[in-house]
Amino acid sequence: VQLQASGGGLVQPGDSLRLSCIASRHTFSRFVMGWFRQAPGNEREFVAAIMWSGGSTRIADSVKGRFTISRDKAKNTAYLQMNNLKPEDTAVYYCAADGGIIYSSMGSENAYDYWGQGTLVTVSS
């Protein structure tokens with residue numbers, strides 16, 4: 001599976017941004033797509049993930065209430081809607097996918113086999 005992330009950019013605090021991740025065609029029945037981020041000097045951390053078939057989502061506590069994840073199955077695309085962005089959201093955002101992750105593992109980086117290139121989000125005034 002190949003993943004193509006896009007949508008990053010420079011925004012001001014309080015602004016919104018939507019990231020997109022397009023996946024190549026696949027036949028996984030338990031496909032999951034997720035977003036992780038890595039700020040300078042920090043380890044990569046989980047942001048959000050969504051189960052393709054049922055739409056169940058998991059959101060990191062650090063962004064809950066501001067970020068949402070959704071998917072368009074017809075377009076094989078997952079979206080990360082980021083609202084009320086803060087300077088601490090500045091990071092390279094990576095999309096990831098796997099063909100069979102259970103809900104409890106959706107937040108684990110090691111559970112994902114496929115990774116896209118990162119897209120940089122900078123939140124600064």
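See above for the structure.
Read on for an overview of the structure. (Residues numbered from 1 in each chain as written. Predicted model: local features only at pLDDT ≥ 70, side-chain atom pairs only at ≥ 80, totals over all residues. Heavy atoms only, no water.)

## Brief notes about the overall build of the chain
Along the backbone of the chain there are zero helices and eleven strands. Beginning at the N terminus, the succession of helices and strands in the chain can be written as β-β-β-β-β-β-β-β-β-β-β. When the backbone C-alpha atoms are referred to their principal axes, the chain occupies close to 45 × 25 × 25 Å. Taking all contacts inside the chain whose residues are at least 6 apart in sequence as the whole, residues at least 24 apart take part in 59%. In the chain, the 12 positive side-chain charges and the 10 negative ones have mean positions that sit 9 Å from each other. (Helix = DSSP H or I, 4+ residues; strand = E, 2+ residues; numbered from the N terminus. Contact = heavy atoms within 4.5 Å. Lys, Arg positive; Asp, Glu negative; His and termini not counted. Charge placed at Lys NZ, Arg CZ, Asp CG, Glu CD.)

## Notes on the environment of Q2
Among the secondary structure elements, Q2 is positioned in the segment before β1 (3-6). Beyond its immediate chain neighbours, meaning those up to four positions away, Q2 contacts I22, A23 and S24.

## Description of the state of the cysteines
Inspection of every chain in the model, using the stated rule, returns one disulfide. Disulfide pairing is shown between C21 and C95; the S-S distance is 2.2 Å. Around the S-S axis, the bridge from C21 to C95 shows a dihedral of about 55° and counts as right-handed. Of the two residues, C21 is situated in strand β3 (residues 17-23) and C95 in strand β9 (residues 91-98); the sequence distance between them amounts to 74 residues. In this structure C21 comes out as buried when scored by relative accessible area, which is 0%. (Disulfide = S-S within 2.5 Å. Buried < 20%, exposed > 50% of the residue type's maximum accessible area, 1.4 Å probe, protein only.)

## Here we look at the nonpolar core
It is characteristic of soluble globular proteins that their nonpolar side chains tend to be buried jointly. Core analysis: the biggest nonpolar cluster contains 39 residues, and M33, W35, L80, M82, Y93 and Y112 have the highest contact counts within it. Mapped by element, the contributors of at least two residues to this core are β1, β3, β4 (32-38), β5 (45-51), β7 (67-72), β8 (77-82), β9 and β11 (119-123). If you tally residues by element for this core, the top one is β5, at six residues. (Core = buried A, V, L, I, M, F, W, Y, C linked by side-chain atoms within 4.5 Å.)

## Structural notes on unusual backbone geometry
At N76, a position not held by glycine, the phi torsion is positive, near 55°. Along the polypeptide, N76 turns up in the loop between β7 and β8. You will see that N84, though not glycine, has its phi angle at about 50°, which is positive. Within the fold, N84 resides in the loop between β8 and β9.

## Some details on the packing of aromatic side chains
Using the criterion set out here, one finds seven aromatic pairs in the structure. With centroids separated by 5.3 Å and ring planes inclined at 80°, the aromatic side chains of F36 and Y112 adopt a geometry described as edge-to-face. With a gap of 76 residues between them, F36 in strand β4 and Y112 in the loop between β9 and β10 (114-115) connect regions that are remote in the sequence. Pairing Y112 with W115 gives two aromatic rings, centres 6.3 Å apart and planes at 65°, and the pair type is edge-to-face. Its relative accessible area of 4% is what places Y112 among the buried residues. We classify W115 as partly exposed; its relative accessible area is 28%. One aromatic cluster is present, built from ring pairs that chain together F28, F31, W52 and Y114. When the ring centre of Y94 is taken as reference, the NZ or CZ atom of R44 above it lies at 4.9 Å. (Phe/Tyr/Trp six-rings, centres within 6.5 Å; stacked < 30°, edge-to-face > 60°. Lys NZ or Arg CZ within 6 Å of the ring centre and 35° of its normal.)

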